[in-house]
Amino acid sequence: MSALIERPTSGPSDPSDPSGPAGGPHRTLLSRLSRLKPNLETLPTLAAVVIFIAMIVYGEVAYGRIVQFNTISNLFINNAYLIILAVGLTFVILTGGVDLSVGAVIAISSLVGVMLANAGWNPIVVVVLMILIGSAFGVASGVLVQYFNVQPFIATLAMMFLARGLASMLSTTPERLGDDSPLRSLSTEITVINGTKINDLVVTPNVLIAVLVVAVAAFVLHRTRLGRTVYAIGGSESSALLMGLPVVRTKLTVYVISGTLAGLAAVVYTSKLGIAQNITGVGWELDAIAAVIIGGTLLTGGAGFVLGSVVGVLVLGLMNVLITRDGSIPPEATTIITGGILLVFVLLQRLVVSRKRKT
Amino acid sequence: MALTDAIVEMEDISIEFPGVKALQHVDFRLFPGEIHTLMGENGAGKSTLIKALTGVYKIDGGSIAVAGEPRMFTGTADAQSAGISTVYQEVNLCDNLTVGENVMLGHEIRGAFGINWRKTNEAAREALVGLGLGHLDPKQPLSSISLALQQLVAISRAMVAKSKVLILDEPTSSLDANEVEGLFGVMRRLRDQGVAILFVSHFLDQVYAISDRMTVLRNGEFVGEYLTADLDRTQLISKMIGKDFGTLAALGSNRGRVAAPDATPFYSATDLGRKGSIDPVDIEVHAGEVVGLAGLLGSGRTELGRLIYGADRPDTGEVRIGGVSAEVHSPIAGLSKKIAFSTENRRDEGIIGDLTVRENLILAVQAERGWARPLSRREQKELCDKYLVELNVRPADPERPIKNLSGGNQQKVLLGRWLATNPELIVLDEPTRGIDIGAKAEIQEAIAALAESGMSVVFISSELEEVVRLSERIVVLKDHRKIGELVNGPDVTAETIVDLIATEGSAA
């Protein structure tokens, strides 16, 4: 558990970490935490971690059976697709943009995938196609934003309607993936630690994919020039241009990354649920944006961490678990609580930004 | 310095914007190991020339050669890869990143595991030490260091890029005397290393302190290239201002005409201030008087102008208009008290580009009357006829979109917009910035005539000569506070004001 919590603020955010981005070693944790202290930019992410821990503690005390393998396993298995989406949106939001199309892209991508798989296509070809559909929408958004000077909100809104419309033209009824489809193997449960009774630590290939995506994303953001340019654009796009950074190429790339990861999220989600429908993924773009913001990424760009977004997803996921366990809170109220948490984080960010202005 | 040595050679450069000849047949040469200043009044074409060199603007005529090869850059990035770096007046860095990250952006040292941050930060430190900035920690956030240091960080960026040409576009405008000295030290150090430095500054003292040679531009035209030692200040100023100097000097006829001391001023404010924008100021403007606000960029002159009009809400102070206590907390209140304000930001806060000259001209009158009582066509036409002729707007076509007019004529329309409201006090913020010298003279004449007719004028300009020429009294501002007030007279010159600002700075 502890490794999970420490990572967002230690590993990749520390430039001098010699052991690579995803391996957050514990040995110097204390010294690192103290070094992070004065950095206001990590404050919202730290706050997300604190809230996450508080939720775990509260859940364990009030309802029990939270800090145990199968709860944690399910948290990751159920939210793997959202983690992947949130990683993609982190890139876009870091540049100061937004991508509203990802939910609808999942609908079209998973519908196409299920229909082709049921038609007997090679599963590898199907998976690649599903991902490429996402990339294509990302390219379209990026080109609109960068070359036609359309605002990201509008460009990706247009792509959202386009993707949703295409999905509805394909089918308006749920398409079921064949029970014997090889695609389903991505959600095979692999027991890592065999606990007592049903309390096993379980992962699926989907979870591993999500973890890999997070690791690669953290590497790209903190250890490549592309990543640094993403932060520079978010800090000040005009400065980045005047500094001679490849702003155009980078902004295009972030939308392609976001679209591609939406395609990958479609693969992960479809393999888990086995059903695709034209209304799949309605509102998921907003869930992902909420996770990114809760994870401490500034909506105006320039500050934030991929691992923060993962914490954001886990906060939202755990909240659902707690509400289910509580039983007295109607599930319909979930969105109100999500909204409340989001508001608190945005206010926290305003505070950070205004503090920074003064210094 | 033989011609063949030039690292940058621009010949016969011409650039035209719609309706404006921004540069005409300008030559410019830059040699390794020299500091070369580009001189000229506002709007003379200094920035345009720099942008032509770095490829931000396309040239319509002429040729550019770098290190002997003809080049045509597509933009800043392209110019930078050819070894030409630019540091702007506004620091263009990312304050969400650390000092080291800013220095190394785009030049990070990479290894098998992506960017090697240890080596990258070391390289950043080396670059900083090379400029005598060893005390800066590459890991500290950029936002934690002063603007002056940020400027030097921007220069170290250029050094990491191994630039042979460094363009410094008004780098000193927001620095104090010590910071300027620090910057000059760095510039000399780089010059001795063989870097060619192109320097732009408005401050004559600085230009004479640092530059080896200068190229003078006037009104988009090439005046000449001189060794600094060969040209004294008077010669330089007359070359910058040109033949029109005489006509402008004639305007100063009514300066020094002070209102009777016992008369009630039209506008008076005590302790007028706003937190974070300007410290409390006392100011009086009599009828028929031009009060100049002088100070450097960012000294608070615009902020004071905005408070007088009510564009920003003052937090402190008492305002009396015609001797009666008044509250001017909004533009509408300003207008109703017969106060008008013409902005320095002509393009964003002044004109509405897509509307016609007529529509732009009537805006303030219409706003004052309210939407329920639209001006009739006839009234609109009368206003247009009156002010287009009176202010000599060319072309005098009220139905032309204002964006197609030259800057000077746009400014005249804006002046007309406010005069149409029949103000008794008009605040003019940089009304002559970036316009050609002919229009400048016309606007100055118009201002003098307005004062003559009994209107009170608050005149803000970054050109001190202009302030001295037109004002009866001059309020001098620095660092967001009033540091003095001068009654204009024969012995008051731009230098008097500069001295006041300079001595106040060293005392503080």
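Our structure's up above, just so we're on the same page.
Residues numbered from 1 in each chain as written. Chains lettered and ligands numbered in written order. Predicted model: local features only at pLDDT ≥ 70, side-chain atom pairs only at ≥ 80, totals over all residues. Heavy atoms only, no water.

Draft legend 1. Structural detail: the overall build of chain A. Helix and strand counts for chain A come out as 14 helices and four strands. For chain A, the proportion of its 359 residues judged to be buried stands at 55%. Considering only contacts within chain A whose residues lie at least 6 apart along the sequence, 73% involve residues at least 24 apart. For chain A, the exposed surface amounts to about 15300 Å²; the carbon and sulfur share of it is 68%. (Helix = DSSP H or I, 4+ residues; strand = E, 2+ residues; numbered from the N terminus. Buried < 20%, exposed > 50% of the residue type's maximum accessible area, 1.4 Å probe, protein only. Contact = heavy atoms within 4.5 Å. Areas by Shrake-Rupley, 256 points an atom, 1.4 Å probe, with all protein chains shown as cover.)

Draft legend 2. Region of the structure containing the overall build of chain B. When you go through chain B residue by residue, the secondary structure sums to 18 helices and 22 strands. Expressed as a percentage of its 508 residues, the buried residues of chain B come to 54%. In the structure as shown, chain B presents an accessible area of about 21600 Å², 51% of it carried by carbon and sulfur atoms.

Draft legend 3. Here's a closer look at the interface of chain B and chain A. Of the residues lining the interface, 24 residues belong to chain B; the matching set on chain A comes to 26 residues. Note on chain B versus chain A: buried area summed over both sides is about 2200 Å², and carbon and sulfur give 54% of it. When residues of chain B are sorted by the area they lose upon contact with chain A, B:Asn92, B:Asn96 and B:Trp117 head the list and together hold 26% of the total. Where chain B touches chain A, the interface holds two salt bridges. For B:Glu108, the salt bridge goes to A:Arg225, with nearest N and O atoms at 3.6 Å. One can count 10 residue pairs in polar contact (both at pLDDT 80 or more) joining chain B with chain A. Taken together, the elements giving at least two residues each to the side of chain B that touches chain A come down to α2 (76-81), α3 (99-104) and β8 (114-115) of chain B. Take the side of chain B that touches chain A: its biggest share by element is three residues, from α2(B). Here the side of chain B that touches chain A is composed, by residue class, of nine nonpolar, nine polar and six charged. (Buried area = accessible area lost by both parts, 1.4 Å probe. Salt bridge = Lys/Arg side-chain N within 4 Å of Asp/Glu carboxyl O. Polar contact = N/O pair within 3.5 Å; in protein donor to acceptor, adjacent residues only side chain to side chain. Nonpolar A, V, L, I, M, F, W, Y, C, P; charged D, E, K, R; others polar.)

Draft legend 4. Seen up close, the sheet that holds strand β20 (residues 456-460) of chain B. Residues and elements named next belong to chain B. Pairing is mixed across the open sheet formed by six strands, whose spatial order is β18-β19-β20-β15-β21-β22. In the strand order of this sheet, the two ends are held by β18 (339-342) and β22 (481-487), each with one partner. Recorded for the sheet is a direction-independent mean angle of 15 degrees between the axes of neighbouring strands. Pairing between strand β15 (residues 290-294) and strand β21 (residues 473-478): four bridges, direction parallel. If you follow Ala294 over to β21, its bridge partner there is Val476. Here helix α10 (residues 301-309) sits on the sheet in contact with β15, β18, β19 (425-429), β20 and β21, set at roughly 145 degrees to β18. (Pairing = 2+ DSSP bridges. Axes fitted to C-alpha atoms, helices over the stretch in contact; angles between N-to-C directions.)

Draft legend 5. The nonpolar core, seen in detail. Of all hydrophobic cores here, the largest spans 140 residues; its most connected members are B:Ile155 and B:Leu166. Ranked by residues supplied to this core, first place goes to helix α4 (residues 69-94) of chain A with 16 residues. (Core = buried A, V, L, I, M, F, W, Y, C linked by side-chain atoms within 4.5 Å.)

Draft legend 6. Representation of the packing of α4(A) against helix α13 (residues 306-326) of chain A in the model. Residues and elements named next belong to chain A. Where α4 meets α13, the axes come as close as 8 Å, and the angle between the chain directions of the two elements is 140 degrees. For the element pair α4 / α13, the angle class is oblique. Seen along the crossing, α4 lies across α13 with a hand that is right-handed. Between α4 and α13, the residues in contact are Thr71, Leu75, Phe76, Asn79, Leu82, Ile83, Ala86, Val87 and Thr90 and Val306, Ser309, Val310, Val313, Leu314, Gly317, Leu318, Val321 and Arg325, respectively. When the residues that make up the contact of α4 with α13 are grouped by side-chain class, the tally is 12 nonpolar, five polar and one charged. (Parallel < 35°, antiparallel > 145°, perpendicular 65-115°, else oblique. Left-handed = near helix turned anticlockwise from the far one by under 90°.)

Draft legend 7. How the structure looks around the packing of α4(A) against helix α8 (residues 205-223) of chain A. Residue and element names in this part refer to chain A. Running from amino to carboxyl end, α4 crosses α8 at an angle of 20 degrees, the nearest separation of the two axes being 8 Å. What the angle tells us is that α4 and α8 run roughly parallel. Judged by the sense of rotation from one axis to the other, the crossing of α4 with α8 is left-handed. Contacts between α4 and α8 involve Phe76, Ile77, Ala80, Ile83, Ile84, Val87, Phe91 and Leu94 from the former and Asn206, Val207, Ile209, Ala210, Val213, Val214, Ala217, Val220 and Leu221 from the latter.

Draft legend 8. Focus on empty space enclosed by the protein. All names here are of chain B. Applying the stated criterion across every chain, the model contains five cavities of 30 Å³ or more. In this structure, the largest cavity occupies an estimated 150 Å³ of space. Lining the largest cavity we find 14 residues, and of these Gln80, Thr86, Val87, Ala154 and Arg157 sit closest to its centre. Looking at the lining of the largest cavity, the elements that each hand over two or more residues are β6 (84-87) and α5 (147-160). (1 Å grid on protein atoms, 1.4 Å probe; cavity = no way out; pocket = protein on both sides within 12 Å on 5 of 7 lines; lining within 4 Å. Points joined across faces, edges and corners; volume = space filled by probe spheres on them.)

Draft legend 9. Seen up close, the packing of aromatic side chains. All names here are of chain A. All told, the structure shown has seven aromatic pairs over all chains when counted by the stated rule. Ring geometry for Tyr269 versus Trp284: centroids 4.6 Å apart, planes at 75 degrees, classification edge-to-face. With a gap of 15 residues between them, Tyr269 in helix α11 (residues 247-273) and Trp284 in helix α12 (residues 284-294) connect regions that are remote in the sequence. On the accessibility criterion, Trp284 (11% relative accessible area) is buried. (Phe/Tyr/Trp six-rings, centres within 6.5 Å; stacked < 30°, edge-to-face > 60°.)

Draft legend 10. Fine view of the side chain of B:Gln80. Note that B:Gln80 resides in helix α2. Residue class for B:Gln80 comes out buried when judged on its relative accessible area of 13%. Ignoring any residue separated from it by four or fewer positions in sequence, one finds B:Gln80 in contact with A:Leu242, A:Met243, A:Gly244, B:Ser85 and B:Arg157.

Draft legend 11. How the structure looks around the pattern of salt bridges. Residue and element names in this part refer to chain B. Throughout the structure, instances matching the rule amount to 27 salt bridges over all chains. Asp312 is paired through a salt bridge with Arg306; the nearest N and O atoms lie 2.8 Å apart. Across the pair Arg369 and Glu379 runs a salt bridge, and its minimum N-O distance is 3.2 Å. With Arg369 in helix α13 (residues 357-369) and Glu379 in helix α14 (residues 377-390), the pair connects residues that are 10 residues apart, well separated along the chain. A single salt-bridge network, built from bridges that share partners, covers Arg29, Glu34, Arg213 and Glu225.

Draft legend 12. Just unusual backbone geometry, in detail. Residue and element names in this part refer to chain B. The phi dihedral of Glu170 falls on the positive side, at around 45 degrees, and the residue is not glycine. Looking at the element boundaries, Glu170 is found in the loop between β9 (165-169) and α6 (177-192). In this structure Glu170 comes out as buried when scored by relative accessible area, which is 14%. Backbone geometry at Asn422 places phi at a positive 50 degrees, although glycine is not the residue there. If you trace the backbone, Asn422 turns up in the loop between α15 (407-419) and β19.

Draft legend 13. Main features of the pairing of β20(B). Residue and element names in this part refer to chain B. In terms of residue burial, β20 counts as a mostly covered element, since five of its five residues are buried. Because side chains alternate across β20, one face comprises the buried residues Ser456, Val458 and Ile460, and the other comprises Val457 and Phe459, equally buried. Across five bridges, the pairing between β19 and β20 is parallel. Of the residues in β20, the one forming a bridge with Leu428 is Phe459.

Draft legend 14. Representation of the environment of B:Arg274 within the structure. Residue and element names in this part refer to chain B. Mapped onto the elements of the fold, Arg274 is located in strand β13 (residues 267-274). The class of Arg274 is partly exposed, set by a relative accessible area of 29%. Here the alpha-carbon distance between Arg274 and Thr316, two residues 42 residues apart in the chain, equals 6.4 Å. Side-chain polar atoms of Arg274 contact the backbone oxygen of Arg313, separated by 2.9 Å.

Draft legend 15. View of the sheet that holds strand β14 (residues 278-285) of chain B. Residues and elements named next belong to chain B. Pairing in this open sheet of four strands is antiparallel, and the strands run β14-β13-β16-β17 from one edge to the other. Two strands in the sheet have a free side with no partner beyond their single neighbour: β14 and β17 (324-326). Each neighbouring strand pair of the sheet contributes to a mean axis angle of 25 degrees, computed without reference to strand direction. Note: β13 against strand β16 (residues 316-321), five bridges, orientation antiparallel. In the sheet register, Thr270 faces β16, and the bridge partner there is Glu318.

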